[in-house]
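# Examination of the molecular architecture
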Amino acid sequence: ALLKEVEILSQKPWVKEKWGDNWFHYYEPTSILTAQYVLVLDSLNFCFWQDEKLEYHHLASSLKNVLVNDSTAFDAEKLSNIDVHTFRKWMGGLIFPLEEERVRLVREIGLVLKQHFDGKASVLIEKANKSVSNLVQLVTAHFPGFRDSTVYKGKQVFLYKRAQIFAGDIWGAYDAKFLGEFHDLDQLTMFADYRVPQVLQASGVLEYNEKLWELIKSKTQVIVNSEMEIEIRAATVQAVEIMKKELNKKFNQKNLNVVVTSLDLDWLLWGRGESMLDKLPPHHRTLTIFY
């Protein structure tokens, strides 16, 4: 099934997803405000499924509107003092799952930026010296809310979904220029969430055992840090890595000047999932701040 999926992808003209093509994103590729927006966005980019009507675009567009209406809204001092009332106002009255945790994480962004980065996400990015690996290390070192790791059968596993997606989003939001210029984008894995495995399971790339599938079908929570939950995420990362390798092999054989990254595949699969939500089987449900 995986190779069949790769074959289908290799037959199509390869068009990379662009950050700026999405109406819900704040897109000013020459402004340092964009970096501030992306950091706030990705501190909150998790767990929308508890409310069937909520999706990522509600978060992204709400934050965009806040910044368009007040360019100082994401100043570090203001972020460090945000409360639930202000957050809900940001969201246009929408109540997001884990609301108090989201407020705490935004405060953390403001406090850490003030303490270590002159209040600016752009300074954080500049310290990474055009390396996504350095940027992920900096983010996870300074912001506890981004430390997406777990223990699987006695071994520590680092998935870092939101830290990696922050680096990827910066690359996309700046069109790979200015603050978005990186020399090692290929070091990012896909961003282990609940939408991409849903898409891969629907196409037969991932297969779930009967016990897990019963949980997912019945919309029963898959407990955070359980072996099942970790395996879904890790298998998704591995599947996308294999797909990337096979796809690049095919493009190379055809002498096409195309290099696909895990980020490219993640955005393509995630976008596919978002466009066909009503046609997909259920996704796994895990209550967590990490995805």
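Here we summarise the structure given alongside this text. (Residues numbered from 1 in each chain as written. Predicted model: local features only at pLDDT ≥ 70, side-chain atom pairs only at ≥ 80, totals over all residues. Heavy atoms only, no water.)

Attention now moves to the packing of aromatic side chains. Under the criterion given, the structure shown has 12 aromatic pairs. Seen in terms of ring centroids, Trp23 and Phe24 are 5.4 Å apart; in terms of plane orientation they differ by 80°. Their pairing is edge-to-face. For Phe24, a relative accessible area of 8% translates into the label buried. Summarising the aromatic geometry, the rings of Phe158 and Tyr160 are spaced 5.6 Å apart at their centres and angled 55° between planes, so their arrangement reads as tilted. Residue class for Phe158 comes out partly exposed when judged on its relative accessible area of 47%. (Phe/Tyr/Trp six-rings, centres within 6.5 Å; stacked < 30°, edge-to-face > 60°. Buried < 20%, exposed > 50% of the residue type's maximum accessible area, 1.4 Å probe, protein only.)

With that out of the way, let us pick up the side chain of Asp42. Along the chain, the position of Asp42 falls in helix H2 (residues 33-43). In this structure, Asp42 is buried with no salt-bridge partner, the nearest side chain bearing the opposite charge being Lys161 at 6.5 Å. (Helix = DSSP H or I, 4+ residues; strand = E, 2+ residues; numbered from the N terminus. Lys, Arg positive; Asp, Glu negative; His and termini not counted. Salt bridge = Lys/Arg side-chain N within 4 Å of Asp/Glu carboxyl O.)

Let's shift gears to the pattern of salt bridges. Summed over the entire model, instances satisfying the criterion amount to 18 salt bridges. One salt bridge connects Glu7 with Lys250, and the closest N-O pair in it is separated by 2.8 Å. Of this pair, Glu7 sits in helix H1 (residues 2-11) while Lys250 sits in helix H12 (residues 227-253), placing them 243 residues apart in sequence. For Glu7, a relative accessible area of 32% translates into the label partly exposed. Under the relative-accessibility criterion, Lys250 is labelled partly exposed at 24%. Lys130 serves as the salt-bridge partner of Glu181, at 3.8 Å between the closest nitrogen and oxygen. Highlighted residues: Glu181 in the loop between helix H9 (161-173) and helix H10 (195-202) and Lys130 in the loop between helix H7 (121-126) and helix H8 (132-142), separated in sequence by 51 residues.

Taken by themselves, the reported measurements are silent on function.
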